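As a plain string of letters, each chain reads:
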2 protein chains.
Amino acid sequence: MVNNFPPLIARIKQEGKCLAGGVLKVDSFVNHQLDPDFLMLMAEEFNHRFVPQSYDKIITIEASGIAHAVMLGYLTNKKVVFAKKKKPSTMDQSHMLTTEVYSFTKNITQHICLSREFIRAGERVLFIDDFLANGKAAQGILDLVQQAQATLVGMGFIIEKSFQDGGKNLRQQQIHVESLASIASLDNNTITLAQ
Amino acid sequence: MVNNFPPLIARIKQEGKCLAGGVLKVDSFVNHQLDPDFLMLMAEEFNHRFVPQSYDKIITIEASGIAHAVMLGYLTNKKVVFAKKKKPSTMDQSHMLTTEVYSFTKNITQHICLSREFIRAGERVLFIDDFLANGKAAQGILDLVQQAQATLVGMGFIIEKSFQDGGKNLRQQQIHVESLASIASLDNNTITLAQ
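Each value, and the rule that gives it
Residues numbered from 1 in each chain as written. Chains lettered and ligands numbered in written order. Predicted model: local features only at pLDDT ≥ 70, side-chain atom pairs only at ≥ 80, totals over all residues. Heavy atoms only, no water. Helix = DSSP H or I, 4+ residues; strand = E, 2+ residues; numbered from the N terminus. Buried < 20%, exposed > 50% of the residue type's maximum accessible area, 1.4 Å probe, protein only. Salt bridge = Lys/Arg side-chain N within 4 Å of Asp/Glu carboxyl O. Least-squares fit on C-alpha atoms with pLDDT ≥ 70 in both. Contact = heavy atoms within 4.5 Å. Patch = residues over 30% accessible without salt bridge, like charges linked within 9 Å, V, L, I, M, F, W, Y side chains within 5 Å. Areas by Shrake-Rupley, 256 points an atom, 1.4 Å probe, with all protein chains shown as cover. Lys, Arg positive; Asp, Glu negative; His and termini not counted. Charge placed at Lys NZ, Arg CZ, Asp CG, Glu CD. pLDDT = per-residue confidence, 0-100. Buried area = accessible area lost by both parts, 1.4 Å probe. Polar contact = N/O pair within 3.5 Å; in protein donor to acceptor, adjacent residues only side chain to side chain. Pairing = 2+ DSSP bridges.

Engineer: I would appreciate a short explanation of unusual backbone geometry in the present structure.
Structural biologist: Trans peptide bonds make up the majority, and among non-glycine residues the majority have a negative phi. Residues and elements named next belong to chain A. The peptide bond linking Glu-62 to Ala-63 adopts the cis configuration, its omega dihedral lying at -5°. By the secondary structure assignment, Ala-63 is in the loop between β4 (57-61) and α3 (66-76). One non-glycine residue, Asn-189, lies in the positive phi region at around 55°. Examined against the element boundaries, Asn-189 turns out to sit in the loop between β10 (177-185) and β11 (192-193). Residue Asn-189 is classed as exposed on the basis of its relative accessible area of 59%.

This is how it looks when you write it as C-alpha cells:
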C-alpha cells in the first residue's frame, strides 16, 4: 500500500518542517512556492500509477491542488476541472453541483461546487490533490462526481498523513488511492515515513 | 497598448458568455475548467511579451492565477509563488508579508499574504493573473513585492476589462502591463473587443 516516491521523500527530508499540532510545512515546493520541473517529475510518477487510458478528465480542488493537476493534465493531454470553494457569481445555480466539506484545520464547513457542464454523466475522472489527511475534501469530490453520474477512477495525493484516517476510509470504499509520500507520524517534531 | 492574442480572441468568441452586471464567463478554459495545451499556448505568448531574462520568479494569487503562472514557470524554468488569501496555519507570523485587497465582486476586504522566504530583497518578479478589472489584487501584489524589497518587472493578464480602471492605473505607475485579450465593453450582452 505504501509506495513512497524517492525524489519527493528526499525533498521532504531536506525542506519539510514539523510545526506544532501535527502540521507538516512543505510550502517551499508544494503549496505556496512551486517548482515546475519538480511538479512535472511528480506528474510523471502519477502517470506511472494511473493508466492514462483509464480516465478522461482530471478533477482537483482550489487552491493547492491546481498546480499538481494541471501538470498531469499537460503531460497526459487531458482537461482539468477545479472545484471551487465558494459559488462564483458566474455560475448559474441550476448548472451547479454542490456539497459540504468540513475543514478540521479551519474548523468550518465549506461548500464546494462544480459546474455540471464540465463533468458529464459517464465520464471517468481522476482526482489529484496536495494533501490527504482526514479525507473530507476527497469525500466531497467523490460526492460531486457521483452527483454528476460520472465515475471516479482514482485519487492521487502528493502527501498522505497516514496517521489520520482519510486514506483508510477511501481505500475501504475500494477507491484506488495513490500517495507519493506517506507520513506515519509527525510526533516529537520528527517526520517519520510510513513503510 | 491593446495587443489581442488571436487564438484567445477566437476562443472567447466561441466559448465566452456575457452575464448580467458586466460579468464575462470564460470558465470553460480560464477559471474553472482548464485546457493545458491552451494554457501552454498562452504561456508562450506571455514569453514573447516578457523577456525571460528580465525576471527571476513568477508571482500569482490563488486560486485562478495558479494554472497560468505554473505553465509559464514550466516553460521558462522559473519558480512560482502564489499569494494566499488567508493566513495558513503553517505560516509563521514573523515571516509573513500581508496586505489588504478589496473585492468588488464579493464586496469584502480580504487579506492576502506571502512568506518572506519566497520573495527576497532584490529579486525581479513577474505577476501573472487571469483577470484585470479594477486592479485591486494587482495593487495588493505590488504592495507585497515592495514590502519584500523586490522589483516588479511586469504584470501579465489573460483578460483585461479595459472599461474598468485597473489597467489605466497600473500603466500610470509605469508598470509594464500585458493583457492577452482586452474587452472594451460587455454592454447589451455583447463582447466588444478593445482595438
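Next comes the rest of the description.
Engineer: Looking at this structure, I do not really get the pattern of salt bridges. What am I missing?
Structural biologist: A side chain with one charge can pair with a side chain of the opposite charge if their charged atoms come near. All names here are of chain A. Taken as a whole, this structure holds 20 salt bridges over all chains when the rule is applied. The salt bridge partner of Arg-11 is Glu-15, with a shortest N-O separation of 2.8 Å. Pair noted here: Arg-11 and Glu-15 are both in helix α1 (residues 6-15), with a separation of 4 residues, about one helical turn. For Arg-11, a relative accessible area of 12% gives the class buried. The salt bridge involving Arg-49 is made with Glu-45; its shortest N-O contact spans 2.9 Å.

Engineer: Honestly, helix α3 (residues 66-76) of chain B in this entry has me stumped. Any pointers?
Structural biologist: The periodicity of an α-helix, 3.6 residues per turn, causes residues three or four positions apart to be oriented the same way. Residues and elements named next belong to chain B. α3 sits mainly inside the fold: 9 of its 11 residues count as buried. All buried positions along α3 are accounted for by Ile-66, Ala-67, His-68, Ala-69, Val-70, Met-71, Leu-72, Gly-73 and Thr-76. The first or second residue beyond α3 is Asn-77, which carries a positive phi of 60°.

Engineer: Mind showing me how you'd approach the relation of the copies chain A and chain B here?
Structural biologist: Placing chain A over chain B gives an RMSD of 0.0 Å and needs a rotation angle of 180°, together with 0.0 Å of translation along the axis. The symmetry that links the two subunits is that of a two-fold axis. If distances are taken from each C-alpha of chain A to the rotation axis, the shortest is found for Ala63(A), at 2.4 Å. A symmetric contact is evident, with 100% of the interface residues of chain A recurring at the interface of chain B.

Engineer: Mind showing me how you'd approach a positive patch on the surface here?
Structural biologist: On the surface, a cluster of positive charge is contributed by Lys86(A), Lys106(A), Lys86(B) and Lys106(B). By the element assignment, Lys106(B) lies in the loop between β6 (96-103) and β7 (108-115). When its relative accessible area of 41% is taken as the criterion, Lys106(B) is described as partly exposed.

Engineer: I would appreciate a short explanation of the confidence of the model for chain A in the present structure.
Structural biologist: Do not read the predicted coordinates in detail wherever pLDDT is low. Mean pLDDT over chain A stands at 95; residues scoring 70 or higher make up 97%. Scoring of the predicted complex yields 0.96 for pTM and 0.96 for ipTM.

Engineer: Any chance you could explain the interface of chain A and chain B here in plain terms?
Structural biologist: Many authors give the size of an interface as the accessible area that is lost as the parts come together. Across the contact, 44 residues belong to chain A and 44 residues belong to chain B. Each partner contributes to the roughly 3700 Å² buried at the junction of chain A and chain B, and carbon and sulfur atoms together form 61% of this total. For the pair chain A and chain B, the interface holds 4 salt bridges. As a salt-bridge pair, Lys17(B) and Glu117(A) come within 4.0 Å of each other at their nearest N and O atoms. Our count for the contact surface shared by chain A and chain B stands at 12 residue pairs in polar contact (both at pLDDT 80 or more). Looking at the side of chain A that touches chain B, the elements with two or more residues in it are β1 (17-19), β2 (23-25), β3 (33-34), α2 (36-49), α3, β5 (80-83) and β7 (108-115) of chain A.

Engineer: Explanation requested: the sheet that holds strand β8 (residues 124-132) of chain A in the structure shown.
Structural biologist: Within a sheet, adjacent strands bond to each other through the backbone by hydrogen bonds, running parallel or antiparallel. Spatial ordering of the open sheet is given by β11(A)-β10(A)-β9(A)-β8(A)-β4(A)-β5(A)-β3(B), a layout of 7 strands whose pairing is mixed. Each edge of the open sheet is held by one strand with a lone partner, namely β11 of chain A together with β3 (33-34) of chain B. By the bridge criterion, 4 bridges tie β4(A) to β5(A) in an arrangement that is parallel. Bridged to Ile59(A) within β5(A) is Val81(A).

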